[in-house]
Each structure stands twice: as structure tokens, then as C-alpha cells.
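Read off the chains here:
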Amino acid sequence: MAGYIPPIEDVSFLLGEVFDFNAQMAALPGYEEVDADLATSVLEEAGKFCTEVLEPLNRLGDEEGCRLENGLVTTPKGFADAYKAFVEAGWGGLSGDPEFGGQGLPRVLQILLDEMLSSVNLSFGLFPGLTRGAVEAIAHHASSKLKQKYLPKMISGEWTGAMALTESSAGTDLGLLTTRAEPVGDGSYAIKGTKIFISSGDQDFGGNIVHLVLARLPDAPKGVKGISLFLAPKFLVKEDGSLGERNRMSVGSLEHKMGIHAQPTCVMNYDGAIGWLVGEPGRGLNGMFTMMNAERLFVGIQGLGVGEAANQKAVAYARERLQGRSADGGCGPVPIIDHADVRKMLLTGRALTDAGRALAVWTAMQMDIAARHPDERVRQKANGFVALLTPVVKAAFTDFGFETAVLSQQVFGGHGYIREWGMEQYVRDARITQIYEGTNGVQAMDLVGRKLPMEDGDLPRRFFTLIRGDLTATTLPAELDVASAAVGEALARLEKLTEYLLAKDVDLEEAGAAATDYLRFFALVSFGWLWVRMASKAAASTGASSSLKQRKLSLARFFASRLLPQTAALDKAIRSGAVTMMELDADLF
């Protein structure tokens with residue numbers, strides 16, 4: 001089985017030529033010395049760690065899984081040592097705040113590291129990813145005292161983090177949660193309740209595990225306005241920063257899952273666990289959504305990473321597997337990559353993955369601009385784009401990542417269904433990314449119901465104007481004229497459809513019927529924009545390799561001719577309305 005190859009050449013091309021990373025970072029205070037060469041060299045080292053340390057543990061971890069014995073969680077063999085090496089190498093603090101010991105590098109590097117971690121070992125990558133999300137919530141909402149006590153060791157990775165939201169009767173509708181938090185009298189609270197599906201809820205890496213728990217105060221009203229957020233560590237922390245006695249929380253069981261077997265997904269019992277309020281009482285969702293929005297982007301990158309790895313393995317197999325005759329009926333057997341249907345599967349995965357990485361880099365740069373640009377108007381504009389694209393990145397990347405994993409498995413034929421080849425693990429692991437951190441249906445409703453109407457509809461209009469301006473300004477070789485025109489036509493359809501959904505007479509039922517199709521439509525147009533941009537930059541490049549140029553030009557044409565036409569069918573389906581979905585009585589299903 002071929003090993004994973006970190007996509008460093010593509011990353012270098014995106015940073016150095018497609019998005020003008022150097023100039024963008026030079027405009028941001030604190031990032032003036034960060035350029036594409038530095039970013040690429042950092043990511044090259046990260047890629048080595050991923051391939052040499054983490055990829056060999058992926059299948060072994062999947063087969064061994066995690067264990068719970070006598071209340072203690074044990075991760076698969078090698079995971080604890082790998083995590084220690086990860087922390088010692090400084091990868092945990094890559095984008096962390098320097099005030100608390102982080103390296104303070106741009107979000108772009110963090111997202112590209114996350115992609116590689118997800119490609120080689122999705123279960124492992126969840127440990128630092130969830131910790132980083134908890135760090136963001138604490139940094140934005142906690143008291144100075146809590147920040148000073150917890151952030152340094154969480155940013156370094158010495159301590160990990162987990163988010164405890166879901167209960168057996170409260171999933172998407174968090175207003176139904178029943179976990180309680182009683183004041184102790186010294187500023188702390190005793191938390192009582194049970195949470196399920198808690199990723200990284202416990203582990204055997206040592207150090208502490210900082211849980212962010214949603215719970216209700218005694219006088220809290222019903223619904224989401226009665227929810228508060230609490231920080232509850234596995235071990236109480238002494239005044240000198242050392243670990244004290246174990247908090248009153250325990251792992252009731254480990255969830256038995258379809259995939260990510262090496263990730264301990266826990267049922268957590270909080271039996272009077274001591275915690276501290278994060279943010280204001282009754283405003284727990286504010287803090288939790290800071291974490292969840294970061295995690296939703298992270299989950300999108302997980303889908304991208306799994307798709308990249310699966311596609312790489314499928315291409316390597318297709319070059320070596322000999323079956324059938326050549327197209328002219330002559331020689332045989334030939335490598336299956338010579339067959340048109342196999343090529344369609346491989347090209348589909350590559351077209352979706354490369355464009356996804358480009359959109360991820362662009363979105364991450366907008367996050368860096370929103371956090372650091374000296375001009376408030378520029379910050380607000382970038383922040384709007386991030387808000388608009390968060391549900392798109394989460395849902396589209398994970399849908400496309402799963403589809404790519406399935407297509408890649410299909411390339412292997414029967415071997416793809418056999419564990420020894422590793423492809424079925426990609427399919428199983430990728431599946432959860434469409435479900436957790438808000439199902440993709442929820443993301444689609446967030447896009448249609450909340451993000452499109454932002455700024456009275458001007459937010460999506462600004463994004464579409466940006467795309468159209470880029471298409472118009474781009475100088476293209478003649479062979480890309482058709483592709484560019486196709487993207488422009490799809491964009492025009494998307495603009496008209498968006499105005500239709502923004503109309504006041506479109507009710508919740510119609511919006512719900514349109515949501516998932518609309519999100520896919522939106523993503524495909526965004527990908528088309530970036531394919532035109534990447535292909536034009538490749539054609540004009542003096543530094544890119546000839547193989548990269550040929551690949552980008554060919555893939556841009558493939559995307560425009562084979563994948564972008566889906567938008568026409570999606571447009572027609574959405575405009576058919578909700579009636580065919582809703583007319584059948586529930587008892588007749």
C-alpha cells in the first residue's frame with residue numbers, strides 16, 4: 001500500500017502564487033515576517049512527522065481501538081508516545097497565542113497542518129483539534145484567572161480539552177439539556193448530569209483534561225437562554241499550577257462506533273464535578289459557539305484530509321492494477337487508470353480535493369485578516385466571509401470527502417472492501433464528519449436561514465461580487481474560456497436562486513426543502529471560481545512545475561464540464577419547492 005505524500009507542492013503553489021500570501025500576511029501586525037517560504041518549510045516538517053510517526057499508527061489504532069477498564073481509558077498502543085512527541089515538537093502550540101506560550105503562527109498554517117493530521121490519522125488529530133477549540137472558548141469568554149491557570153498548558157498540549165454538550169435527549173436542540181450546576185459558595189459550582197458522544201473525554205496521555213460543560217443553574221429558565229458554560233477539569237489544579245485530586249467525573253462507557261476507533265468517545269458522568277463559570281450566566285451558548293464554529297471549520301478540514309489520503313491511495317493502486325484491454329481493444333491487461341470510468345472517479349476526487357484546499361486556505365486567510373488587520377472595516381468584511389463560509393466548509397468538505405473516500409474505495413474493487421487495503425477505514429472514518437459538530441443538514445439550514453439574510457442579504461451578494469470580479473479580471477489562456485464561461489453561468493444561476501430564497505414569501509418549510517441542495521450548489525460555484533483562479537495562475541506561472549501546470553489546467557476543464565453541471569439540476573430541484581417532500585402523510589412512509 002502506497003504511503004501518504006503531504007501535498008506540499010500544491011500548498012506552495014497556493015500560498016506563493018494563487019493567493020499572494022506574502023503581501024496578505026505583511027499587512028497583518030505580528031505576521032510581517034511570515035512568508036510562503038517559511039510556511040512551506042514548517043509544513044514540510046509537519047508532513048514528515050505525520051508520515052513517519054502518525055500514519056503507521058492509523059490502521060493499528062483502528063484495529064485495537066480504545067479500552068475502558070476499572071474506570072480508566074487506554075488508547076491504542078503507540079498513541080500516548082506519539083502524542084508526547086507531538087507536544088515536544090511544538091505542534092500543539094503552532095497557532096496559539098504567544099501570551100500563553102504559543103507560537104502565534106497564522107491560522108492558514110494551522111488548517112493545513114490539520115489537513116495532514118486528518119489524512120494520516122483522523123482519530124489522533126481530534127485530540128489537539130478539540131483542545132484548540134476549547135482554548136478559543138476560554139480565551140474569548142473566561143476570566144483572566146482561568147485563562148492564566150489553564151491556557152498555557154492547553155496551548156502547549158500538555159493538557160487536552162473536550163466539549164460536553166450532547167445528552168441522550170438533547171442533541172441539536174440543546175434547549176432540552178438537563179445537566180445542573182449548583183453553587184458551592186466559593187465561586188465554584190457542582191455539576192451533575194450525564195453527557196454522551198464526548199470525543200477525547202478521557203485518555204492515558206497524562207496531564208489534565210479540561211471539559212467545557214453546558215449546564216443549567218438552579219434558577220435558570222427553560223430553553224437555550226437558561227444554559228451556562230462551565231470549565232471542569234479532570235484533576236483540580238492547585239494554586240501553584242500542579243495537579244491535585246481527581247474531580248468527581250467518570251467515564252461511564254465508551255461508545256461503540258462505526259469508525260474513528262482509536263478516538264475515545266465517552267459517556268461522561270459528572271457526579272458533583274467542580275467547575276467554574278465561563279462567561280456570563282445564561283449565555284453559555286455564546287461561549288460554546290465560539291468553540292463550535294472553530295470545530296466546524298476543523299471538521300470540514302477533516303473531510304478534506306481523508307479525501308486527499310483516499311484519492312492518493314486510489315491513484316497509486318490504479319497505476320499498478322492490471323485489468324482489461326486498452327480502449328482500442330488491442331493490448332492487455334492494462335493499468336486500470338487507462339479506463340475512462342476509473343479516471344472519472346479519480347479525477348472527481350482530485351478536482352474536489354484541490355479546490356477544497358484552495359477554499360480552505362482562502363477562508364483561513366480571511367480568519368487571519370479578521371483577527372489582525374488594522375482597519376476595522378476590513379476586519380468586519382473578512383469576518384462576514386468567514387461566517388458565511390463556515391457551514392459551507394463544514395458540510396461541503398465532509399460530503400465531498402466522504403464521496404471521494406467511497407469513489408476511491410470503488411477503484412480498488414473487491415480489495416477496497418477488505419480491511420488489509422485500508423480503504424474501508426477511510427469510508428468509515430469519514431462518515432462521522434458529516435454528522436458531528438452539527439449535522440450537514442443543520443449546516444445547510446444555518447446557511448439558508450441565518451447566513452444568507454445577514455446584512456439584509458448583502459453578505460452573500462458581496463461574496464458573489466468578489467467571484468464575478470475575479471472571473472472578469474482574470475487573464476485566461478484560450479483553452480480555459482469555456483470553463484470560465486461555465487462558472488460565470490453557474491454563478492448567475494446561484495445569484496438568482498439566492499434572491500429567490502431571500503424573498504419574504506419563502507417560508508421555513510421551503511427553506512428546509514432547499515437547504516442541502518443549495519449548500520452543494522454554493523460550494524460547487526465556489527470551487528469553480530477557485531479552479532479558474534488556480535488554472536490561470538498555473539498557466540502564467542514561471543515557477544510551477546510543468547506537471548502541476550498540466551494538472552491544474554486539465555482538472556479545471558474536467559470540473560467545469562463534469563461536476564459544475566450539477567448546479568443546473570440542483571437549481572431545478574430547489575425551485576420545484578417543498579410540496580413533493582411534505583405531501584405524503586407521515587403514517588404512509
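As the structure is a computational prediction, the values presented were derived from the model and not from experiment.

Cut-off values and rules
- Residues numbered from 1 in each chain as written.
- Predicted model: local features only at pLDDT ≥ 70, side-chain atom pairs only at ≥ 80, totals over all residues.
- Heavy atoms only, no water.
- Helix = DSSP H or I, 4+ residues; strand = E, 2+ residues; numbered from the N terminus.
- Buried < 20%, exposed > 50% of the residue type's maximum accessible area, 1.4 Å probe, protein only.
- Contact = heavy atoms within 4.5 Å.
- Patch = residues over 30% accessible without salt bridge, like charges linked within 9 Å, V, L, I, M, F, W, Y side chains within 5 Å.
- Areas by Shrake-Rupley, 256 points an atom, 1.4 Å probe, with all protein chains shown as cover.
- Salt bridge = Lys/Arg side-chain N within 4 Å of Asp/Glu carboxyl O.
- Pairing = 2+ DSSP bridges.
- Phe/Tyr/Trp six-rings, centres within 6.5 Å; stacked < 30°, edge-to-face > 60°.
- Axes fitted to C-alpha atoms, helices over the stretch in contact; angles between N-to-C directions.
- Parallel < 35°, antiparallel > 145°, perpendicular 65-115°, else oblique.
- Left-handed = near helix turned anticlockwise from the far one by under 90°.
- Nonpolar A, V, L, I, M, F, W, Y, C, P; charged D, E, K, R; others polar.

Colleague: Outline the side chain of Asp-114, supporting the account with residue identities and numerical values.
Modeller: Here Asp-114 shows up in helix α5 (residues 107–120). Residue Asp-114 is classed as buried on the basis of its relative accessible area of 3%. Excluding anything up to four places from it in sequence, Asp-114 contacts Arg-132, Phe-298 and Ile-301.

Colleague: So what's going on with a nonpolar patch on the surface? Which residues, and what values?
Modeller: A cluster of nonpolar side chains, Leu-584, Leu-588 and Phe-589, forms an exposed patch at the surface whose accessible area comes to about 380 Å². As for its placement among the helices and strands, Phe-589 is situated in the segment after α18 (579–582).

Colleague: Any chance you could break down the pairing of strand β3 (residues 160–164) for me, citing the residues and the numbers?
Modeller: With 5 of 5 residues buried, β3 lies mostly within the body of the structure. Of the two faces of β3, the one carrying Thr-160, Ala-162 and Ala-164 and the one carrying Gly-161 and Met-163 are both buried. Where β3 meets strand β6 (residues 209–216), 5 bridges bridge the pair, whose relative direction is parallel. Within the sheet, the bridge partner assigned to Thr-160 lies in β6 and is Ile-209.

Colleague: Tell me about the pattern of salt bridges, residues and numbers included.
Modeller: The full count for this structure, using the stated rule, is 33 salt bridges. Residues Arg-350 and Asp-354 are paired through a salt bridge, measuring 2.7 Å at the closest nitrogen-oxygen approach. With Arg-350 and Asp-354 both in helix α9 (residues 340–372), this residue pair falls 4 residues apart, about one helical turn. Like Asp-354, Arg-350 is buried. The shortest N-O distance in the salt bridge between Arg-462 and Glu-455 comes to 3.2 Å. The class of Arg-462 is partly exposed, set by a relative accessible area of 24%. Beyond isolated ion pairs, a larger network of salt bridges with shared partners links Asp-10, Glu-115, Glu-308, Arg-350, Asp-354, Arg-357 and Lys-552.

Colleague: Let's hear about the environment of Lys-222: which residues, and what values?
Modeller: With respect to the element layout, Lys-222 can be found in the loop between β6 and β7 (227–233). Among the residues examined, Lys-222 registers a relative accessible area of 81% and is labelled exposed. In the structure, Lys-222 is positioned 151 residues away from Gly-71 in sequence and 33 Å away in space, judged by C-alpha atoms.

Colleague: Quick one: what's the story with the packing of aromatic side chains, residue by residue and with numbers?
Modeller: One pass over the full model with this rule turns up 24 aromatic pairs. Relative to Phe-463, the ring of Trp-362 lies with its centre 6.0 Å away and its plane at 55°, an arrangement referred to as tilted. Of this pair, Trp-362 sits in helix α9 while Phe-463 sits in helix α13 (residues 458–473); the two residues are 101 residues apart in sequence, bridging distant segments of the chain. Of the two residues examined, Trp-362 and Phe-463, each falls in the buried class. With 5.6 Å between their ring centres and 5° between their planes, Phe-463 and Phe-522 make a pair best called stacked.

Colleague: Can you break down the packing of helix α1 (residues 8–18) against α9 residue by residue, with the values?
Modeller: Viewed as axis vectors pointing N to C, α1 and α9 meet at an angle of 45°, and their least axial separation amounts to 11 Å. Between α1 and α9, the angle falls in the class oblique. The two elements α1 and α9 cross, and the hand of that crossing is right-handed. Here Asp-10, Val-11, Leu-14 and Leu-15 of α1 come into contact with α9, specifically with Asp-354, Arg-357, Ala-358 and Val-361. Within the contact of α1 with α9, the residues separate by chemical class into 5 nonpolar, no polar and 3 charged.

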